[in-house]
Amino acid sequence: MSAHGLDRREFLGVLGGGIVVFVSLGPSSLDGQQPRLRYPEDLNAYLRIDEKGRVWIFSGKIEMGQGVMTSQAQMAAEELGVPLSSIEMVLGDTDQCPWDMGTFGSMTTRMFGPALRAAAAEGRAVLTGLASKKLGVSPDALVVENGVVYVRADRSKKVSYAQLAQGKKISRLVDGKAVLRATRDFTVMGQSPKRMDARAKVTGHAEYAGDVRLPGMLYARILRPRAHGATLTSVDVSAARALPGVTVVQQDDLVAVLHADPEAAGRALMDIKAEWQTPPAAVDQDSIFDYLVQRAPAPAVRLMKGDPTAARAAAARVFESTYRSGYRAHAPMEPHTAVAEMKDGRMTVWASTQTPFPARDAIARALGLPATDVRVITPFVGGGFGGKSSGRQALEAARLARITGKPVQVAWTRGEEFFYDAFDPASEVKLASAVDASGRIVLWDYQVYCAGDRGTELFYDIPSAAIRTYGSWGGGAGANGHLFAVGAWRAPGANTNVFAAESQVDIMAAAAGIDPLEFRLRNTSDARMRRVLQAAAGAFGWKAAPGPSGAGRGVACGIDAGSYVALMAEVAVDRKTGHVQVKRVVAAQDMGTIVNPDGARMQMEGCVTMGLGYVFSEEVRFHGGEILDRNFGTYHLPRFSWVPRIETVLVKNDEVAPQGGGEPTIVPMGAVVANAIFDATGARLYRLPMTPERVLAALPPKA
Amino acid sequence: MSAIAFRLNGRPVTVEAGGGRMLLWVLRTDFSLTGSKYGCGSSLCGACTVVVDGEAVRSCELPLESVQGKDVTTIEGLEHGGRLHPLQQAFIDHGALQCGYCTPGMLMSAYALLKKRPGLGREAIAQAMEDHLCRCGAHGRILDAIAEVSAKGGRP
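Residues numbered from 1 in each chain as written. Chains lettered and ligands numbered in written order. Predicted model: local features only at pLDDT ≥ 70, side-chain atom pairs only at ≥ 80, totals over all residues.

Things to note about the overall build of chain A
Here comes step 1: When its secondary structure is counted, chain A shows 18 helices and 29 strands.
Here comes step 2: In terms of overall dimensions, chain A is globule-like: its C-alpha atoms have a radius of gyration of 27 Å, near the 27 Å expected for 703 residues.
Here comes step 3: The principal-axis extents of the C-alpha atoms in chain A amount to approximately 85 × 80 × 45 Å. (Helix = DSSP H or I, 4+ residues; strand = E, 2+ residues; numbered from the N terminus. Rg over C-alpha atoms; globule rule 2.2 N^0.38 Å.)

Brief notes about the overall build of chain B
Here comes step 1: If you tally the helices and strands in chain B, you get 5 helices and 5 strands.
Here comes step 2: For chain B, the sequential pattern of α-helices and β-strands runs β-β-α-β-β-β-α-α-α-α.
Here comes step 3: Computed over its C-alpha atoms, the radius of gyration of chain B comes to 15 Å, within 12% of the 15 Å expected for a compact globule of 156 residues.
Here comes step 4: Based on the C-alpha atoms only, the size of chain B along its principal axes is roughly 45 × 30 × 25 Å.
Here comes step 5: Split into buried and exposed, the 156 residues of chain B put 59% on the buried side.
Here comes step 6: Sequence-distant contacts, at least 24 apart, represent 63% of the contacts inside chain B between residues at least 6 apart. (Buried ≥ 20, exposed ≤ 12 C-beta atoms within 10 Å, placed from the backbone. Contact = placed C-beta atoms within 7 Å.)

Description of the domain arrangement of chain A
Here comes step 1: Looking at chain A, the domain boundaries give domain 1 (8-203), domain 2 (209-277 + 336-411) and domain 3 (288-327 + 423-698).
Here comes step 2: Here the residues of the side of domain 1 of chain A that touches domain 2 of chain A sort into 6 nonpolar, 6 polar and 5 charged. (Domains from an automatic or database assignment. Nonpolar A, V, L, I, M, F, W, Y, C, P; charged D, E, K, R; others polar.)

Describing the interface of chain A and chain B
Here comes step 1: Listed per partner, the contact involves 47 residues of chain A and 44 residues of chain B.
Here comes step 2: When residues of the side of chain A that touches chain B are traced back to their parent elements, those giving at least two are helix 5 (198-203), helix 7 (262-270) and helix 16 (597-616) of chain A.
Here comes step 3: Broken down by element, the residue count for the side of chain A that touches chain B peaks at 8 residues, all from helix 16 of chain A.
Here comes step 4: Considering only residue class, the side of chain A that touches chain B consists of 21 nonpolar, 12 polar and 14 charged.

Observations concerning the packing of helix 2 (residues 86-94) of chain B against helix 5 (residues 139-151) of chain B
All names here are of chain B.
Here comes step 1: Axis separation between helix 2 and helix 5 bottoms out at 9 Å; the angle between their running directions is 135°. Considered as vectors, helix 2 and helix 5 are oriented oblique to each other. Remark: the crossing between helix 2 and helix 5 carries right-handed chirality. Contacts between helix 2 and helix 5 pair P86, L87, A90, F91 and H94 from the former with R141, D144, A145, I146, E148 and V149 from the latter.
Here comes step 2: Among the residues making up the contact of helix 2 with helix 5, the classes are represented as 7 nonpolar, 1 polar and 3 charged. (Axes fitted to C-alpha atoms, helices over the stretch in contact; angles between N-to-C directions. Parallel < 35°, antiparallel > 145°, perpendicular 65-115°, else oblique. Left-handed = near helix turned anticlockwise from the far one by under 90°.)

Brief notes about the confidence of the model for chain B
Here comes step 1: In the predicted model, chain B carries a mean pLDDT of 96, and the fraction of residues at 70 or more is 97%.
Here comes step 2: Scored as a complex, the prediction yields pTM 0.95 and ipTM 0.98. (pLDDT = per-residue confidence, 0-100.)

Quick look at the sheet that holds strand 5 (residues 71-73) of chain B
All names here are of chain B.
Here comes step 1: Read from one edge to the other, the open sheet built from 5 strands follows the order 2-1-5-3-4, with strand pairing classed as mixed. The sheet is open, and its two edges are formed by strand 2 (11-17) and strand 4 (55-58), each paired on a single side. Taken over all neighbouring pairs, the strand axes of this sheet differ in orientation by 40° on average, direction set aside.
Here comes step 2: Against the sheet, helix 3 (residues 103-116) makes contact with strand 3 (49-52) and strand 4, and its axis sits at roughly 30° relative to strand 3, the strand it touches most. (Pairing = 2+ DSSP bridges.)

Brief notes about the nonpolar core
Here comes step 1: Counting residues in each nonpolar core, the largest one holds 273 residues, and the members touching the most others are A536(A), L567(A) and I677(A).
Here comes step 2: The element best represented in this core is helix 3 (residues 108-135) of chain A, accounting for 12 residues. (Core = buried A, V, L, I, M, F, W, Y, C linked by C-beta atoms within 7 Å.)

Brief notes about the sheet that holds strand 28 (residues 645-650) of chain A
All names here are of chain A.
Here comes step 1: Reading across from one edge, 23-24-25-28 is the order of the 4 strands in this open sheet, with mixed pairing throughout. The open sheet has two edge strands with one neighbour each: strand 23 (553-560) and strand 28. Mean inter-strand twist for the sheet, computed between neighbouring axes without regard to direction, equals 15°.
Here comes step 2: Strand direction decides the pairing type here: strand 24 (residues 563-573) and strand 25 (residues 580-590), joined by 10 bridges, are antiparallel.

Focus: the domain arrangement of chain B
All names here are of chain B.
Here comes step 1: Partitioning chain B into structural domains gives domain 1 (2-77) and domain 2 (86-151).
Here comes step 2: The gap between the C-alpha centroids of domain 1 and domain 2 is 21 Å.
Here comes step 3: With 14 residues of domain 1 in contact, the opposing surface of domain 2 contributes 15 residues.
Here comes step 4: Per-element tally for the side of domain 1 that touches domain 2: the top contributor is strand 3, with 3 residues.

Comments concerning the pairing of strand 2 (residues 45-49) of chain A
All names here are of chain A.
Here comes step 1: Taken across its 5 residues, strand 2 has 5 buried, putting it largely inside the fold.
Here comes step 2: Judged by which residues are buried, strand 2 turns out to be covered on both faces: A45, L47 and I49 on one side and Y46 and R48 on the other are all buried.
Here comes step 3: In terms of strand pairing, strand 1 (residues 18-23) meets strand 2 through 5 bridges, oriented antiparallel. Note on strand 2: the bridge partner recorded for V21 is L47.
Here comes step 4: For strand 2 and strand 3 (residues 55-59), the ladder comprises 4 bridges, and the chain directions are antiparallel.

Below, the structure is given as structure tokens:
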């Protein structure tokens, strides 16, 4: 047994015959995921070629819509030389898959991808070696196509992977030195096959955690506080206990009712009488910003170059702005759900989670079980966006399954989902900047509270700059003064930071009387950024004019997860109602080598569409620890009528390994719309979301 | 207890049930038809949409008694003999889904919509689908998929 899972021998015992290839690239390859933890396993990725020639890929990553089931299969198929249809994916099962910190940060393709490709490339080398012996020619004389190894000079001499794997039980731990296929030779990567999960999802057969059905399973409903910070002063479960078929659990902080019928469990919960003591509310969604700034921890200096003090003193005019973003909910369509079963001393939990391995470890710790006695299986996840990283519901289900001795489902209601969501934190940016007479930015003094440094990376050539971050986006309830948990929300912190930075750049461009695209190009020598800006301009048909031009178009750009992105948008502003309609968005992205172009476009379109929510409506209202928005009736997600014409431009860059694709396009959404509203009306918005009321308030009085 | 009889995906079924049960939970619990999803419990998101006598309805707030004698179609009933409905195929072809959780509801609404109003254009489809939520942002492709089927007349 290794510290965190089954060892390799045990894996092989489970797997049966065939050829198994492990790859160990060392801990460094996963450093980007979690610097606090030493990588605990001796393998990063592995795959198995079974005796029928099927290729099994085991990955700790999970599929929550981002399309990695398909893109990982493509990477493996490419390197192995097999058709995509011969790949079987096993995702997010802690018994079967190599350890993984979690699926977040647009890291599947850039961090796990290289390990997977290396394993597959080694697999091809192993199989070619076996074929060489079998066919009696040197490996150099062989060629692999669709899972068959041919003698190049005489294609009648051949042997299939299935034949090679027949009767074998070979495991190879390799060092990741096999040569990866060159981009120009790609036949599976760089293509856009249909999603491998599509058929299951259109037929209703795709299994999510809440769809798991076990004999004798009970549905649990848990007593919840009215507000964060509230304490339970009295509870009376006698009425609930008297109901037929109801099991009541009371253990420490956990009060729950369980029933074989989910609705009966829900009714039983209503019969629990509970009194709570709620601390007085000190703050709400409007007063939170000053509250957080006052409680901010000391800053971390992320950048200090040149002499910002001198630059400020020398500037003819300093632009000082404060930008604010409210709390945002993840609101995945599938609320947190888990099913747990204790059987033969082992706990198995099916959970909607982005972090199956940390969830397993948390369950083991809480239940006092060795990690090897806990298995977390991740079925399809119905959206995550960073919000399914805590695993609280999995822990609740596991506790209840152990207490009752029965399989238990915990499925949060939408209200519970809003209550326990780790929101994208309310955050504030204070920015001072200056521009010289030639239109060059000479000062950048950037201070951000509660959003961290993602999205603050400076790609403009500014001689004097300071970047300071006060706290970051993460932490449990109470972190950095927040009254409830906050956490990663699609491109954490970057939406706030890029909104501020790219609005500020626009302000300076307008003050300098320079077209905002020209202003950006004048101030950056970063070749990748210039390329995406120019690509967006070409597709958009950008006509140079200083803002506000009245046309209602905007530009904004950013770097995220190793990818460069430039957006251009066209808006129409209703001056009577403050309603803004985005008519068109062009998104140009350089994400290095592209594994699946259509998959990349889907993510970019999703980013634009989801981004409209935080741009226009999404802000969690609260009164102290009481969350006021608990369903979609008041917390408004983007709808069909909001969606603009979206054009995506994939800027080719095969010089760079594949980079992140799930998040980058969302980060400039705030600024591109704010800049377009300014271009349309001359009104500058400093707070997200840009609700109709805030747009109206910002509009200049009619002449 | 009373017996509620209805047709479910073409087959007659009977449920012995006390009052106060909603169709969604009967489908998911009694019939293990888990394609219809819980998303909000308040008819706000559309993930639980099924078709009752040709109308798309939100099953999370639909009392079981109200389907007595009616014809209920769920996502599991859209496919016939392993052959996908054109809408299902169009969703695959257009990549009109990501996490897939809203997909069954979207499909059932689109199915009822095109049966009632064949040939509907993209704009009108968008209006009709307005109260369906998708968090992944697949909206544009969902409309493309439905509009394509609508233009072809709904059936192959």
